[in-house]
Amino acid sequence: MKLVIAEKPSVAMALASVLGARTRKDGYVEGNGYIVSWCVGHLVGLCDASEYDEKYKKWRYEDLPIVPECWRHKVLDGTKKQYGILKKLMRDSNVDEVICATDAGREGELIFRLVYEQAGCKKPMKRLWISSMEEQAIKDGFASLKDGSCYDSLYQSALCRAKADWLVGINASRLFSVLYNQNLKVGRVQTPTLAMLTERQDRIEHFQKETFYRVELTDGKLVAVSENITNKADAELLAALCDGSEAIITELKREQKKVSPPKLYDLTSLQREANRYFGFTAKKTLDLLQELYEEKLVTYPRTDSRFVTEGMIGTVEELAGKMPLMLPFVEYGQLGHNIKRVVNNAKVSDHHAILPTKEAVEKGIVDLPVDKKNLMILIGQQVIQAVGEDYLYEQTDVTVNCQKNEFTARGKTAVQMGFKDVEKAFRSHCVKTEKEDSDRQLEIPYGYQKGMQIFNVKAETSIHYTSPPKSFNEDTLLAAMETAGNKEFDEKTEKKGLGTPATRASTIEKLVASGYAQRKGKQIIPTAEGRELIRVMPENLKSAGLTAEWENRLLLMERGELNGEQFMDDIVAMLKEILNGCRKIPEEERNRFQTAKELIGKCPVCGSDIFEGKRNFYCSNRQCDFALWKDNRFLEGMEKKLDKKMAKELLDKACTHVKGLYSKKKDARFDADLLMTLENGKPKFHLEFPKRKHKG
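Calculation rules
- Residues numbered from 1 in each chain as written.
- Predicted model: local features only at pLDDT ≥ 70, side-chain atom pairs only at ≥ 80, totals over all residues.
- Heavy atoms only, no water.
- Helix = DSSP H or I, 4+ residues; strand = E, 2+ residues; numbered from the N terminus.
- Buried < 20%, exposed > 50% of the residue type's maximum accessible area, 1.4 Å probe, protein only.
- Contact = heavy atoms within 4.5 Å.
- Areas by Shrake-Rupley, 256 points an atom, 1.4 Å probe, with all protein chains shown as cover.
- Pairing = 2+ DSSP bridges.
- Axes fitted to C-alpha atoms, helices over the stretch in contact; angles between N-to-C directions.
- Core = buried A, V, L, I, M, F, W, Y, C linked by side-chain atoms within 4.5 Å.
- Parallel < 35°, antiparallel > 145°, perpendicular 65-115°, else oblique.
- Left-handed = near helix turned anticlockwise from the far one by under 90°.
- Phe/Tyr/Trp six-rings, centres within 6.5 Å; stacked < 30°, edge-to-face > 60°.
- Lys NZ or Arg CZ within 6 Å of the ring centre and 35° of its normal.
- Nonpolar A, V, L, I, M, F, W, Y, C, P; charged D, E, K, R; others polar.
- Salt bridge = Lys/Arg side-chain N within 4 Å of Asp/Glu carboxyl O.
- pLDDT = per-residue confidence, 0-100.

### A look at the overall build of the protein
Here comes step 1: For the protein, the helix and strand inventory stands at 23 helices and 25 strands.
Here comes step 2: Each principal axis of the C-alpha distribution contributes one length, and for the protein these read about 100 × 85 × 60 Å.
Here comes step 3: A buried classification covers 51% of the 696 residues belonging to the protein.
Here comes step 4: A separation threshold of at least 6 residues defines the contact pool for the protein, and within that pool the share at least 24 residues apart is 72%.
Here comes step 5: In the structure as shown, the protein presents an accessible area of about 35000 Å², 47% of it carried by carbon and sulfur atoms.

Put into structure tokens, the structure is as follows:
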């Protein structure tokens, strides 16, 4: 028997159907010589610091850095049943081979290998590597399984990535939380991304608008414009001088130019376009893509390639030829046949560009939910654009001289729409708000020639202002993450930016969930807490260039060109350098997070300051466990939450009067005094009813 392990139940079922395994059991499917089971995401993960030593339950500066000598893994909570099933199947004497069928990428490899190693499995291992869930692709994949050892380097890079994230996250978060008496979350990729958001917001806020002027010259058909003029009086003088006078065309140049079609989509470019056209977050696009992949409608989503291999020329040609069946706004006459534009073996590493499948074209997409349908349309029209004809246009540049001053005009006239015909049809069909067309230009009328005189021109001044940088949105932030650190690398370096196409969406979501960034309409901006965090971070933790270099080294490791031990040693060395640098931070600097917060009271256990958090009123001393929780178990049954006023009074005099408590037994509201006592440093509560005063 061969045991096949997929990443998710839905994928396992698709594989089982092709393999002929149809007998359902608890946690797996069996038949035709195969057992097909699944993980549910990560079943095994790295142990927490406190699981190495009890002392790490307390966050202390003197314990840092925490660097495990021997890394430990554990079965994650909530996944123990499925892990137990897989462990039992791996040890089943009838199973003589295990096939890794998790997603064909770094994270998929890690998910499987950790289970395989945790279970102590020693049986021969093979690897299924496919880019589509179509039946033929699955059959071809199982017919060409590779030995699992071929992917050892991929596993090592995945493991080093996980360990590096653990080391930075655990040590840096503890370090800065202890130093600043504030729960601060630091991440290897998350923090430099937040630094980019903060740097952009600082530039916006410190931007000083400048005014400039232009003089526009026209004869009613041709409009020529002066250079920018900083002084209003100078602009008005020039306009007055030129108005009603004679001008002459000193230069006129017409040349044909071309714009090549766009490439096919990789994950990041698709996420950017889906955000631009439909307002999808990067996470939403990835989630929809994953579902479409499992539904056999698109190829593997987590790709960083925008090309296909030479062996796929026929497939792409067939897809492009049939695309009008899937896309109602495309006509057969708009199809191009430049398939070789999208072929580049050297730029396809693990997976080719994202494509619709043959099954999607044959089945159609009319019955899909609107968001999935829009994504399929976007992917489909990109295939047609990518193999389409060039967009050709004639550009005309005119220089006009009037009163010894030069004015210029530029115009464009379309000669061949090429791939832009499909782009225009797509926008008209799908997009409510069109993106700005950077190619939109005035046409220069024919009839104008060099040396031609223009009489009685009209001249007017116009006022303009310099613009601040724009806040990041999902589209532009993904682009910035993808190209982060590029300037610091030489031409030969294969740049990977911050994170990978598969992880950038989750990085953005983590920043929002942690309260360090927020969505404001389509914009993503740093919060006050996020900006304050970046201000206390050392350069090497917020450096986009350094983090991009790590990602590049992980890529080299993936290819077997770099040793993982050196990578991990460098991470540890950096952490030690940060620790040494933090010894000199003065006490007043360490209180910077507290100064902006309202003091709620003093801790009854250790005497430190109490501040308000999102869920509780906490002690600023990290070594003290005292806290007053807003969702208080004692008050919960009486339909009451602990608020700021109550917390202040409890800390001040251990008593607060509470109105509107609910008695479930009597189905009535009542008032009472809430009293607090301490038991082993933890607050305990009880009610007292004040005696009513009788009139004498």
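### Re the pairing of strand β23 (residues 655-663)
Here comes step 1: Relative to strand β24 (residues 668-679), β23 runs antiparallel, the two being bridged by seven bridges. Counterpart to Cys655 in the pairing with β24 is Leu675.

### Some points on the sheet that holds strand β25 (residues 682-688)
Note on sheets: strands pair through backbone hydrogen bonds, and any given pair is parallel or antiparallel.
Here comes step 1: Spatially, three strands are ordered β23-β24-β25 in an open sheet, and the strand pairing comes out antiparallel. Only two strands of the sheet have a single partner each, and these edge strands are β23 and β25. Across the sheet, the mean angle separating the axes of adjacent strands is 40 degrees when strand polarity is ignored.
Here comes step 2: Here helix α23 (residues 644-653) sits on the sheet in contact with β23, β24 and β25, set at roughly 135 degrees to β23.

### Comments concerning the nonpolar core
The tendency in soluble globular proteins is for nonpolar side chains to be buried as a group.
Here comes step 1: Counting residues in each nonpolar core, the largest one holds 90 residues, and the members touching the most others are Met90, Trp166, Leu175, Phe176, Leu541 and Phe567.
Here comes step 2: The biggest single contributor to this core is helix α5 (residues 152-180), with 16 residues.
Here comes step 3: Once residues lying within four places of it in the same chain are set aside, the contact partners of Leu175 are Tyr61, Leu64, Ile578, Leu579 and Cys582.
Here comes step 4: Listed in part, the 71 residues of the second largest apolar core include Leu15, Ala274, Leu288 and Ile365.

### Some remarks on the sheet that holds strand β19 (residues 601-602)
Here comes step 1: Judged by pairing direction, the sheet is antiparallel, and its four strands sit side by side in the order β19-β20-β21-β22 without closing on themselves. This sheet does not close on itself; its edge strands, each paired only once, are β19 and β22 (627-629).
Here comes step 2: As defined by bridge partners, strand β20 (residues 609-612) adjoins strand β21 (residues 616-619) across three bridges and the pair is classed as antiparallel. Of the residues in β21, the one forming a bridge with Ile610 is Cys619.

### Some remarks on helix α1 (residues 9-19)
Here comes step 1: Regarding α1, the residues found buried are Val11, Ala12, Ala14, Leu15, Ala16 and Leu19.
Here comes step 2: Of the residues flanking the end of α1, it is Gly20, one or two places downstream, whose phi is positive at about 85 degrees.

### Re the packing of helix α18 (residues 544-558) against helix α19 (residues 564-582)
Here comes step 1: Relative to each other, α18 and α19 sit at 160 degrees, their axes nearing to 10 Å. One finds that α18 runs roughly antiparallel with respect to α19. The chirality of how α18 crosses α19 is left-handed. Contacts between α18 and α19 involve Leu546, Trp550, Arg553, Leu554 and Met557 on the former and, on the latter, Gly564, Gln566, Phe567, Asp570, Ile571 and Met574.

### Quick word on unusual backbone geometry
Here comes step 1: Of note, the bond from Leu64 into Pro65 is cis; its omega dihedral lies within 30 degrees of zero at 0 degrees.
Here comes step 2: Residue placement: Pro65 occurs in the loop between β5 (44-46) and β6 (73-75).
Here comes step 3: The phi dihedral of Gln403 falls on the positive side, at around 50 degrees, and the residue is not glycine.
Here comes step 4: Along the chain, Gln403 turns up in the loop between β13 (391-402) and β14 (405-416).
Here comes step 5: The partly exposed category is assigned to Gln403, whose relative accessible area is 37%.
Here comes step 6: If you check the backbone angles, Lys404 has positive phi at about 65 degrees while not being a glycine.
Here comes step 7: Summarising the element assignment, Lys404 is placed in the loop between β13 and β14.

### Details of the packing of aromatic side chains
Pairs of aromatic rings are described using the distance from one ring centre to the other and the angle between the two planes.
Here comes step 1: Scanning the entire structure with this criterion turns up 16 aromatic pairs.
Here comes step 2: On the numbers, 4.9 Å between centres and 15 degrees between planes, the contact of Trp129 with Tyr151 is stacked. Note that Trp129 is positioned in the loop between β8 (125-127) and α4 (135-143) and Tyr151 in the loop between β9 (146-147) and α5, a separation of 22 residues in sequence.
Here comes step 3: Relative to Phe685, the ring of Phe634 has its centre 6.3 Å away and its plane inclined at 35 degrees; by these criteria the two rings are tilted. You can see Phe634 sitting in helix α22 (residues 633-636) and its partner Phe685 sitting in strand β25, a full 51 residues away along the chain.
Here comes step 4: Aromatic rings pair up to connect Tyr277, Phe278, Phe280, Phe329 and Phe426 into one cluster.
Here comes step 5: The cationic tip of Arg127 hangs over the ring face of Tyr151; the distance from NZ or CZ to the ring centre is 5.9 Å.

### Some details on the packing of helix α10 (residues 313-326) against helix α12 (residues 370-386)
Here comes step 1: Their axes nearest at 9 Å, the elements α10 and α12 cross at an angle of 140 degrees. Of the possible angle classes, the one that applies to α10 and α12 is oblique. Relative to α12, α10 is oriented so that their crossing is left-handed. The segment α10 lies against α12, with Ala320, Met323 and Met326 engaging Met376, Gly380, Val383 and Ile384.
Here comes step 2: Split by residue class, the contact of α10 with α12 holds six nonpolar, one polar and no charged.

### Quick look at the pattern of salt bridges
Here comes step 1: As enumerated under the stated definition, the model contains 52 salt bridges in all.
Here comes step 2: One salt bridge in this structure joins Glu54 and Lys57, with 3.4 Å as the shortest N-O distance.
Here comes step 3: Accessibility expressed as a relative area gives 55% for Glu54, which makes it exposed.
Here comes step 4: Accessibility expressed as a relative area gives 56% for Lys57, which makes it exposed.
Here comes step 5: We note a salt bridge from Lys602 to Asp609, for which the minimum N-O separation is 2.4 Å.
Here comes step 6: Beyond isolated ion pairs, a larger network of salt bridges with shared partners links Arg106, Glu107, Arg161, Asp165, Arg188, Glu551 and Glu558.

### Notes on the confidence of the model for the protein
Here comes step 1: Taken residue by residue, the protein gives an average pLDDT of 91. The fraction at 70 or more is 95%.
Here comes step 2: Low pLDDT (under 50) marks residues 434-440, which in the prediction has 10 contacts with non-local residues, meaning those over four places away or in another chain.

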